[in-house]
Amino acid sequence: MSVGPALLSVDDLRVGFATEGGRVQAVDGVSLELAAGEMLAIVGESGSGKSVTAQTLIGLTRSHNAEVKGSIRFRGEELVDAPERKLQEIRGSEIAMVFQDPMTSFNPIYRVGAQIVEAIRAHRDDVSRSEARAQVVELLDSVGIRDAARRIDDYPHEFSGGMRQRAMIAMGLALAPSVLIADEPTTALDVTIQAQILRLIEQLNRERGLATILITHDLGVVAEVADRVMVMYAGRVVEEGTLDEVFYDPQHPYTWGLLGSLTRLDRPRPKRLPQIGGAPPSLRSLPGGCSFRPRCPHEFGRCLELPPLTPRQPEAAGHCDRCWLDPEDKRGKREVDGRIGLEAPAP
Amino acid sequence: MSGGDRLLEVTGLVKHFPVKRGILFEREVEQVRAVDGISFGIAPGQTLGLVGESGSGKSTACRAVLGLLTPTAGSVRFEGEEIAGRSRRQMRPLRRQMQMIFQDPQASLNPRKRIGQIVGDPLKRQGIAEGAELRRRVEELLDRVGLAAEHYDRFPHEFSGGQRQRVGIARALSLKPKLIVADEPVSALDVSIQAQIINLLDDLQDEFGLTYLFVAHDIGVVRHISDRIAVMHEGKIVEQGSADQVCERPVDPYTKRLLAAVPIPDPRESRARRQATLDGA
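Residues numbered from 1 in each chain as written. Chains lettered and ligands numbered in written order. Predicted model: local features only at pLDDT ≥ 70, side-chain atom pairs only at ≥ 80, totals over all residues.

Examining the nonpolar core
Within soluble globular proteins, side chains that are nonpolar tend to cluster in buried spots.
Piece 1. I116(A), I181(A) and V231(A) are the most contacted members of the largest nonpolar core, which has 91 residues in total.
Piece 2. The element contributing the most residues to this core is helix α7 (residues 161-173) of chain A, with six residues.
Piece 3. Excluding anything up to four places from it in sequence, I181(A) contacts A54(A), L57(A), I58(A), I95(A), M97(A) and I213(A).
Piece 4. Core analysis: the second largest hydrophobic core is formed by 71 residues, L141(B), L147(B), L189(B) and V222(B) among them. (Core = buried A, V, L, I, M, F, W, Y, C linked by C-beta atoms within 7 Å. Buried ≥ 20, exposed ≤ 12 C-beta atoms within 10 Å, placed from the backbone. Helix = DSSP H or I, 4+ residues; strand = E, 2+ residues; numbered from the N terminus. Contact = placed C-beta atoms within 7 Å.)

What about the interface of chain B and chain A?
Piece 1. Between chain B and chain A, the contact holds 31 residues from the first and 32 residues from the second.
Piece 2. Ranked by the residues each element gives to the side of chain B that touches chain A, the list is headed by helix α6 (residues 191-208) of chain B, at seven residues.

Re the pairing of strand β2 (residues 22-35) of chain A
Piece 1. Of the strand pairs in this sheet, strand β1 (residues 6-19) of chain A and β2(A) are connected by eleven bridges, and their pairing is antiparallel. Looking across to β2(A), one finds that A6(A) is bridged to A35(A). (Pairing = 2+ DSSP bridges.)

Observations concerning the sheet that holds β1(A)
Piece 1. Judged by pairing direction, the sheet is antiparallel, and its four strands sit side by side in the order β2-β1-β4-β5 (chain A) without closing on themselves. Every interior strand has two partners, whereas the edge strands, β2 and β5 (77-78) of chain A, have only one.

Description of unusual backbone geometry
Residue and element names in this part refer to chain A.
Piece 1. Despite not being glycine, R75 has its phi angle at roughly 45 degrees, a positive value.
Piece 2. Mapping R75 onto the fold places it in the loop between β4 (66-74) and β5.
Piece 3. Under the C-beta neighbour-count criterion, R75 is labelled partly exposed, with 13 such atoms within 10 Å.
Piece 4. Despite not being glycine, A234 has its phi angle at roughly 50 degrees, a positive value.

In structure tokens form, the structure reads like this:
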């Protein structure tokens, strides 16, 4: 649901780290645009670069052994080389981030409310402590914490996992940001709590127009809330498009594999779970050409050359992928036992 | 299934943990009813999936089954023999028969030992094999779980998460157990690796006639691998039945709630379900 000009535009972002084992290109040429009210999901496994991308957007990967190239513009302003003070201003007040584990995101020895009050006053010194406190009660209430006026003085350990994640989101929202980056926000939570947190994020996205980047490994979560989807593999985007394009007309064999290996409660169970062979490559020794090549049953000669991320079907200009296969051939190749999947590699 | 042909039979299992207050004079102020009177059985060669959210008592139930804690009440019978209340030494002969696969293969493998040692250790300790025979057996196990003989001398950190879980499975298999208790064996793994491990567990079950108690919070995965499913909530089993029956025709309100919360990885159906929920409410 693109509703206006991009709030956040990222162009050819590259993040490299110098490690003991050599240089690692964690993110290799990611571009994206995010408008108000839009929900973009970035999907990938460990090492895909999805979290590094998110952290880099708000300058959290800056360090002496990291190299960040490309452009990140927020409301037109370049952030890649912005001074740390500028980033601090933007973090929290304009772009909020929620992490996977709400236990480690709060300081255990301070009361929950006090920490959110602190976050508000760090950015707005004209707000008094009691005003901030009243705001926090309102915030906690708005994210669904019951009896907020009393719970505000609880310590983090007195909150359940779901409540801590709600409180994290409340803290993120305290300064009315325009962008929310949620990195696996429900992965550590039980499934009934996950559903509540997703509803909350969705509600904020729809009702307040909060532009949201949701980072997850779970395609089920994506299907529930996202407008657009980016699939990342080994530091690169291998496919991107609208939610329906990626789920119903997936173009990259890795996406086929991910969709195929999902368990469906609403379908009869298959005898064997379709699987993707092999394992994600180490970023230290990426194969040349397409990174998915060693795991792909459809590999052919051209895959030794890295395919560009481009639209391959004239009728879907926003649906891009990195695969040399002909879109016509793909329709047949991705059909395994009557559904989308990756056929088993030849023995 | 009559009671007699079950490999594992749990009856009225209760485990309460005391909550104590006070410094010098500790007194018990209340009890946490972690497991509150559960009963289930597993026939040989079958898989029982135990699902539930955190704090439902599923891990406590596992530990009682393995004889790792003494239940407050109830009985755990393995091949008809009572385990509940046995001392560690009395448990020892049974250990061969029941093995465990853990959630986090990173934390459950000794980082200073080589793969060969880790997998061969149970064989050595139980005095089953040593020397060249031990090595031959370990290499056979590695091969069986999809690793190579050349992995014998490597250390755990040289492996990916999926490979480490394969090492954990090889170790569990080494004593040719009858029962394997798997506690969240795939939840720490990447999506594309989960299916590989589930399929491996399936194959091994067919080949060795293994019996699984499979514990997980992911109902999709549990349904795929299980013959029967028991749903735990607040220390009790609220529903049990065949895997398809529990997933397709749930009866208990909690099971229904749990199933309704599982995301459907299909945008159209997900939208339809949400619309139905809105209309219903």
